[in-house]
Amino acid sequence: MKELVEVIASALVDNPDEVVVTETENEKEIVLSLKVAPDDMGKVIGKQGKTAKAIRTVVRASASKSDKKIMVEIQ
């Protein structure tokens, strides 16, 4: 999942070198934290959060076979 978020975010931003995704896992869920350059934050979130919602939807769909809940946080 981590690689999927990195690929999507890198394609959206102007500074792909500053895209960092960290993965934290516990018993019930996996949390993916996405960090981008401050100038690129708007591109990752999108108008009215539509791009961020689309990223979360794709990640959840690709993890549908997993028993754990996947959350994507944008920082």
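1. Structural notes on a nonpolar patch on the surface
A cluster of nonpolar residues, Met1, Leu4 and Val58, forms a patch on the protein surface that exposes about 200 Å² of accessible area. Residue placement: Met1 occurs in the segment before α1 (2–12).

2. Describing the environment of Thr51
Note that Thr51 resides in helix α3 (residues 50–62). Distance from Thr51 to Leu12, taken between C-alpha atoms, is 9.5 Å for residues 39 residues apart in sequence. Discounting chain neighbours no more than four positions away, the residues touching Thr51 are Leu12, Lys43, Val44, Ile45 and Gly46.

3. A few points about the environment of Pro38
Mapping Pro38 onto the fold places it in the loop between β2 (29–35) and α2 (41–45). As a C-alpha pair, Pro38 and Ala52 span 14 residues in sequence and 15 Å in three-dimensional space.

4. Focus: the pairing of β2
Consecutive side chains along a regular strand alternate between the two faces of the sheet. Most of β2 sits inside the fold, with 5 of its 7 residues counted as buried. The pairing of strand β1 (residues 20–25) with β2 spans 6 bridges and is classified as antiparallel. Its bridge partner lying in β2, Val21 is registered against Leu34. Hairpin connection, β1 to β2: the antiparallel pair is bridged by 3 residues. As paired strands, β2 and strand β3 (residues 69–74) are joined by 6 bridges and run parallel to one another.

5. Observations concerning the side chain of Asp40
Among the structural elements, Asp40 can be located in the loop between β2 and α2. Of the side chains bearing the opposite charge, Lys43 lies closest to the buried Asp40, which forms no salt bridge; the N-O distance is 4.1 Å. Aside from chain neighbours lying at most four places away, what touches Asp40 is Val13, Asp14 and Asn15.

6. Concerning the sheet that holds β1
The sheet built from 3 strands is open, its strands ordered β1-β2-β3 with mixed pairing. At either margin of the open sheet sits one strand with a lone partner, and together these are β1 and β3. The average angle at which neighbouring strand axes cross in this sheet is 20°, direction not considered. Contacting β2 and β3, α3 crosses the sheet at an angle of about 155° to β3.

Cut-off values and rules
- Residues numbered from 1 in each chain as written.
- Predicted model: local features only at pLDDT ≥ 70, side-chain atom pairs only at ≥ 80, totals over all residues.
- Heavy atoms only, no water.
- Patch = residues over 30% accessible without salt bridge, like charges linked within 9 Å, V, L, I, M, F, W, Y side chains within 5 Å.
- Areas by Shrake-Rupley, 256 points an atom, 1.4 Å probe, with all protein chains shown as cover.
- Salt bridge = Lys/Arg side-chain N within 4 Å of Asp/Glu carboxyl O.
- Helix = DSSP H or I, 4+ residues; strand = E, 2+ residues; numbered from the N terminus.
- Contact = heavy atoms within 4.5 Å.
- Buried < 20%, exposed > 50% of the residue type's maximum accessible area, 1.4 Å probe, protein only.
- Pairing = 2+ DSSP bridges.
- Lys, Arg positive; Asp, Glu negative; His and termini not counted.
- Axes fitted to C-alpha atoms, helices over the stretch in contact; angles between N-to-C directions.

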